[in-house]
Amino acid sequence: MDIGGKNYFYLDNIEFDSEFDSGSLAKAQKIGQEYWIYTSRDASKSSAKSWFYFRVKCRELRCLQLRIKSLGYHSKMLQEGLKPVFKDEGGKWGRIPEEVGSCKGELGLELFFEHQMTANVVYFALYYPYSYTDCQNFLCNLESVSYPFYFRRENLTSSFEGRRCDLLLVSSFEDIKEDQGRVVSENKKAVVVSARVHAGETPSSYVMQAVLEFLLGNDPRAEALRNHFVFYIVPMLNPDGVSRGNLRLDTLGQDLNRTYNSTSPEKCPTIFALKNLLQELRQEIYCFIDLHAHASIKGIFTFGNLMKDFKQQIESALFPKFMELNSPNFHWKQCSFKDNTEQTDKPGNRVGTARTFGHLCTGIPRVYTLECNYNSGFKVNETYPSNLEESPYSDHKSYVYSNGPPLYDTEIFEETGKSVCVSILDMIDKNPFSRLKNSPFKDLETFKIHVAEQLAGIPPFRYYNTLRHLCKSKYSLKEILRGKVSVVLSSTESSK
Ligand SMILES: [Zn+2]
C-alpha cells in the first residue's frame, strides 16, 4: 500500500507540507533560487499523478519561485493554459495571477511560476480543492436546517478506512412512507446522483453541491422535482482517496469506477452499497447520473449507453439535449453512446463502470456519466428564457460569455448542477418554467423529433441505413415515438 502524499519539509526557513485533508506533496527541495515540488503517485504502480495540494508557511512575505515537477495526467490542459490555484489562509481560492510557464522535464511536464506571498500561510493546488472535510461541513450545514419537505441524511456505509459515505434523500412529503429504514413511494420514481468516485475530480463536487442546493431551495422547479421524484444523492463515493489527496484511485490503488462488475464488500464497500441501493430501487429509478471531471476532452458532456431499441435511444439522448437547451456550457457534440457490456481485457474496457452497471441493473436508458472539463469548452450554447430570474452564468448573452467560452471556474460547475436538475424536470414535461416553450421546438414531441434527427446524424446511428431513411420523415419519427413502429438496432444492419 502506498503511503500517499502526506509530507512535511523545512527548507530555508519555509515550511512546505501536505498533512491535511486532500493534501498531497511527495517531496520539496531547494535548487538554486527555486523550490521544486514533486507530485505523488496514487499507488506505487499507478500512472495517476499530478494532483498537488500543499501549504507554505513563512514568517516573512517572500516572492516564491516554485517549480512543480512530474505532472503527468493533466499535461494537455496545463499546456493549454490551465493555471494552478492558490489561497491565502482564511481567503478564497483563485487562479495564480502571475505568469505560469511550462516545459517538458525528465519526469514529465513541469510548471514554473513566481508567487508574491501576501499572507504568512498560502495554499497551492492543481485545481480548486474540495476535500472530504469540505463535503462533511457542507452536509452538516444542510442538515442543520429544517425543511418543509422530506430530507434525510444517513451513512450509506463506511469506507475501507472508516470514513462516511453519505446518502441524502430529498422529496416532498406527499406519497412518501418510511418502512424498515427504507423510503417507499407508490408513484414517485427515483433519481440517483453520485460523485467523486475519482478522488481528484473536484469539479464534480461543485456540480453536486449545486444539485443539492437547488433541490433544497425555493425555486418552483425544485418544488416540482420534489413533488415528482425521490432523490438519492451520494456525494462522495471515494472519501478515502479524496482525503489522502489521490488523483483517481482509492486506498488500495483501485479505480473504483472499474469495480462495479466485480465488487468486493470488504475492498470496495462504498461501491457495494451503491450497487445494493440501485438493485433495491431497480425499476423505480428514472435516471442515474454519476458526476466526473475530464482532463482531456473539452466541454461539459455525457457518456451514455447504446440501446437496442431506437425509441429508447431517443429517451437516453433526451437528457444531454435538454442540458444543451438549459446550459450555455453543455457540449452535445462531445456526447457519446456506447455499448460497454462486453467483458474484455482490452484497455479502455468500461464494463465495470457505474453507467454500464446502472443500465444493466435497471434496464433504463437514462444512465450517464456527466463529465466536466477542468479548464474550458469550445462553444457557448444559445439558451432561451425560462421566464424566471436566472444567474448570468445561465444566460449566453451575459457578460460571462461576452468573450466566448469562459474558463471553467466553480460558478460554471454550479450552473451545470442547476441545469442537471432543470433538465431532469424537462424530461418528464413538468417544468412550469421550461425554456422549451421559448425555444423553436415549443413542445416535448417536437423536441424529441429533433433529438432523433440529431442522433441519426452521429455514429453509430448514421451507419444504419433503415434508420437514416426513417429519420428523413417527421411522420415516421412520430410513429417511432408513439410506439407504432419499432426500430431495432441490430449489429448486422449497420453498414459500417
Ligand atoms: Zn472520472
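The rules behind the values
Residues numbered from 1 in each chain as written. Predicted model: local features only at pLDDT ≥ 70, side-chain atom pairs only at ≥ 80, totals over all residues. Helix = DSSP H or I, 4+ residues; strand = E, 2+ residues; numbered from the N terminus. Rg over C-alpha atoms; globule rule 2.2 N^0.38 Å. Contact = placed C-beta atoms within 7 Å. Core = buried A, V, L, I, M, F, W, Y, C linked by C-beta atoms within 7 Å. Buried ≥ 20, exposed ≤ 12 C-beta atoms within 10 Å, placed from the backbone. Pairing = 2+ DSSP bridges. Axes fitted to C-alpha atoms, helices over the stretch in contact; angles between N-to-C directions. Domains from an automatic or database assignment. Parallel < 35°, antiparallel > 145°, perpendicular 65-115°, else oblique. Left-handed = near helix turned anticlockwise from the far one by under 90°. Expected span 1.5 Å × (residues − 1). Nonpolar A, V, L, I, M, F, W, Y, C, P; charged D, E, K, R; others polar.

Caption draft 1: A look at the overall build of the protein. For the protein, the helix and strand inventory stands at 12 helices and 21 strands. Relative to its length of 496 residues, the protein is compact, with a C-alpha radius of gyration of 23 Å against a globular reference of 23 Å. Each principal axis of the C-alpha atoms in the protein carries an extent, and together these give about 75 × 50 × 50 Å. Long-range pairs, those at least 24 residues apart, make up 71% of the contacts in the protein with a sequence separation of at least 6.

Caption draft 2: Here's a closer look at the nonpolar core. One finds Val 211 and Cys 287 to be the most contacted residues of the largest nonpolar core, which totals 121 residues. Looking at this core, the element that brings in the most residues is helix α7 (residues 310-326), giving eight residues.

Caption draft 3: Spotlight on the sheet that holds strand β12 (residues 150-158). Reading across from one edge, β12-β13-β17-β16-β18-β21-β19-β20 is the order of the eight strands in this open sheet, with mixed pairing throughout. Every other strand in the sheet has two partners, leaving β12 and β20 (336-338) as the edge strands with one partner each. Averaged over all pairs of adjacent strands, the angle between their axes in this sheet comes to 20°, without regard to strand direction. The pairing of strand β19 (residues 300-305) with β20 spans three bridges and is classified as parallel. Paired with Gly 304 across the bridge in β20 is Phe 337. Set on the sheet, helix α6 (residues 269-281) makes contact with β12, β13 (164-171), β16 (189-195), β17 (229-234) and β18 (285-294); between it and β12 the angle comes to about 130°. Against the sheet, helix α8 (residues 354-362) makes contact with β16, β18, β19 and β21 (367-373), and its axis sits at roughly 160° relative to β21, the strand it touches most.

Caption draft 4: Inspection of the domain arrangement of the protein at higher detail. Domain parsing of the protein yields domain 1 (8-125), domain 2 (132-438) and domain 3 (444-481). Between the C-alpha centres of domain 2 and domain 3 there is a distance of 27 Å. The interface of domain 2 with domain 3 comprises nine residues on the first partner and 10 residues on the second.

Caption draft 5: Geometry of the sheet that holds strand β6 (residues 63-71). Read from one edge of the open sheet, five strands run β3-β4-β6-β10-β9, paired in mixed fashion. Of all the strands in the sheet, the pair left with one neighbour each is β3 (27-31) and β9 (101-105). On average, each strand axis in the sheet is tilted by 25° relative to the strand beside it, whichever way the strands run.

Caption draft 6: Fine view of the environment of Leu 274. With respect to the helices and strands, Leu 274 occurs in helix α6. The buried category is assigned to Leu 274, around which 29 C-beta atoms lie within 10 Å. Remark: the alpha-carbon pair of Leu 274 and Ile 68, spanning 206 residues in sequence, is separated by 37 Å. Leu 274 has contacts with Ser 194, Val 234 and Leu 237, leaving out every residue within four places of it along the chain.

Caption draft 7: The arrangement of the packing of α7 against helix α9 (residues 410-427) in detail. The interhelical angle for the contact between α7 and α9, taken along N-to-C directions, is 120°, at an axis separation of 9 Å. It follows that α7 is oblique to α9 by the angle criterion. Every pair of crossing elements has a handedness; the one defined by α7 and α9 is right-handed. Taking contact as the criterion, the partners of Leu 318, Phe 319, Phe 322, Met 323 and Asn 326 in α7 are, on α9, Ser 419, Val 422, Ser 423, Asp 426 and Met 427.

Caption draft 8: Main features of the environment of Arg 67. Relative to the assigned elements, Arg 67 resides in strand β6. Measuring from C-alpha to C-alpha, the distance between Arg 67 and Glu 415 comes to 33 Å, with 348 residues separating the pair along the chain. Ignoring sequence-local partners within four residues, the contact set of Arg 67 consists of Glu 34, Trp 36, Ile 37, Glu 110 and Phe 112.

Caption draft 9: Summary view of the pairing of β17. With six of six residues buried, β17 is to be regarded as a mostly interior element. By the alternation rule, side chains of β17 split into Phe 229, Phe 231 and Ile 233 and Val 230, Tyr 232 and Val 234, which are all buried. By the bridge criterion, three bridges tie β13 to β17 in an arrangement that is antiparallel. Residue pairing in the sheet places Leu 168 in a bridge with Ile 233 of β17. Two elements, β16 and β17, share six bridges in a ladder whose sense is parallel. Residue pairing across strands places Ser 194 opposite Val 234, the latter belonging to β17.

Caption draft 10: Local environment of helix α3 (residues 203-215). Between its first and last C-alpha, α3 extends 19 Å over 13 residues, near the 18 Å set by a 1.5 Å rise per residue. Judged by how many residues are buried, α3 sits mostly within the fold: 11 of 13 residues are covered. Pro 203, Ser 204, Ser 205, Tyr 206, Val 207, Met 208, Gln 209, Ala 210, Val 211, Leu 212 and Leu 215 are the residues of α3 that are buried.

Caption draft 11: Broad picture of the packing of α6 against α8. The N-to-C vectors of α6 and α8 enclose an angle of 30°; their axes lie 9 Å apart at closest approach. If you check the angle between α6 and α8, you find them roughly parallel. In this structure, α6 meets α8 at a crossing whose hand is right-handed. Where α6 approaches α8, its residues Lys 275, Leu 278 and Gln 279 are matched on the opposing element by Phe 357, Gly 358, Cys 361 and Thr 362. For the contact of α6 with α8, the class distribution of residues is three nonpolar, three polar and one charged.

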